[in-house]
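# Survey of secondary and tertiary structure
What follows is each chain in one-letter form.
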Amino acid sequence: MKTIRMPGGDEVAALGQGTWYLGDDPATHDREIAALREGLDQGMTLIDTAEMYGNGRAESLVGEAIAGRRDEAYLVSKVLPSNAGFEATIRACEASLSRLGTDCLDLYLLHWQGREPFGETVAAFERLQVDGKIRHYGVSNLDLAASQAFLDAGGRAMQANQLLYNLDQRGIEWDLLPWLDERGIVTMAYSPFDGGALLRHRELVDFATARDMTPAQVCLAWLASHKRVLPIPKSADPARVAENAEAMHWTLDAADLATLDSLFDPPTGPSALSIY
Ligand SMILES: NC(=O)c1ccc[n+]([C@@H]2O[C@H](COP(=O)([O-])OP(=O)(O)OC[C@H]3O[C@@H](n4cnc5c(N)ncnc54)[C@H](OP(=O)(O)O)[C@@H]3O)[C@@H](O)[C@H]2O)c1
């Protein structure tokens, strides 16, 4: 598995695993556990989850999947904006740790901006670091102005901004992605398949077939062609997880990238940040 260097020095897998909607249905429990473990076997060791997902059920499922394998995983979770005050962040983190069956998160993100001042959340993150409950912190769904405001509030050790980014949602390329890149901050690309819709795009299917790739592999290889972009696809299917991992063996050349630009327009100006 290729790796990406975080600003704090961690070398993490360049392809992670999403977990939104995992843990919701007892009927698919075993398959979901198998999918997460397949991801670990394939080197997709960064696992992204959140207290929000299934009201903690996704974190519990991840905890089960990594039981006995904690050292292999790079665990990322997120605090809800409604819990982003100082005391509430600490309580939320402790609850996440309990569900995940671990005593320390590798990376803890603010899920999106709420009403709490960033300074409160940063102070909580720093306390959690001192107490050994998180190793690093970052943000999600912050546009350029909010990302700058987070740094100005003291959050200069921000490791990542987790953002909606895929072939069909390229708005961040205009200003936010270069801004993060200049600072060495990693962009974690969520919904790399646009929740699955992109995989049915006719021209993308044709592009993939002509290269002996699958549409999912093209989506991931395209994201991975950006130096500091780390996609976090979600799949509850072990075979699809293996297919997704294989995308990291492909490199799209300049002609491929130009063809994809002609199919999926790059931005031509600033736009409001898209969020799911
Ligand atoms: N920070 C945020 O606000 C935020 C927002 C959204 C998402 N996220 C994170 O990003 C992760 C990924 O985003 P997402 O779950 O929205 O969507 P996604 O990863 O773009 O797409 C997931 C969908 O694609 C399907 N899929 C996966 N691999 C496939 C393959 N090789 N072939 C065909 N279909 C495939 C999955 O079905 P199966 O499961 O049946 O394979 C699922 O329906 C989330 O799980 C979450 O961890 C973060």
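Everything that follows concerns the structure shown earlier in this document.
What comes next concerns the included structure. Please read these numbers as outputs of a predicted model, since none were measured by experiment.

About the thresholds
- Residues numbered from 1 in each chain as written.
- Predicted model: local features only at pLDDT ≥ 70, side-chain atom pairs only at ≥ 80, totals over all residues.
- Heavy atoms only, no water.
- Helix = DSSP H or I, 4+ residues; strand = E, 2+ residues; numbered from the N terminus.
- Contact = heavy atoms within 4.5 Å.
- Buried < 20%, exposed > 50% of the residue type's maximum accessible area, 1.4 Å probe, protein only.
- Phe/Tyr/Trp six-rings, centres within 6.5 Å; stacked < 30°, edge-to-face > 60°.
- Lys NZ or Arg CZ within 6 Å of the ring centre and 35° of its normal.

### Here's the deal with the environment of Pro 238
- Summarising the element assignment, Pro 238 is placed in helix 9 (residues 238-246).
- Taking C-alpha positions, Pro 238 is 34 Å from Leu 128, a pair spaced 110 residues apart along the chain.
- For Pro 238, the residues in contact, after removing those within four places along its chain, are Arg 31, Ala 34, Ala 35 and Glu 38.

### Focus on unusual backbone geometry
- Backbone geometry places Tyr 21, a non-glycine residue, at a positive phi of 75°.
- Looking at the element boundaries, Tyr 21 is found in the loop between strand 3 (16-17) and helix 1 (29-41).
- The exposed category is assigned to Tyr 21, whose relative accessible area is 52%.
- We note that Asp 212 has phi near 65°; this positive angle belongs to a residue other than glycine.
- Residue placement: Asp 212 occurs in the loop between helix 7 (202-210) and helix 8 (215-224).

### Section: the packing of aromatic side chains
- Applying the stated rule across the entire model yields seven aromatic pairs.
- With 4.9 Å between their ring centres and 15° between their planes, Trp 20 and Tyr 21 make a pair best called stacked.
- A relative accessible area of 31% places Trp 20 in the partly exposed class.
- Relative to Tyr 53, the ring of Trp 20 has its centre 5.7 Å away and its plane inclined at 25°; by these criteria the two rings are stacked. Taken together, the positions of Trp 20 in the loop between strand 3 and helix 1 and Tyr 53 in the loop between strand 4 (46-48) and helix 2 (57-65) put the pair 33 residues apart, joining distant regions of the chain.
- Grouping aromatic residues by their ring pairs yields a cluster made of Tyr 108, Phe 118, Phe 125, Tyr 137 and Phe 150.
- Here the guanidinium or amino end of Arg 211 rests over the ring plane of Phe 207, the centre of that ring lying 3.6 Å away.

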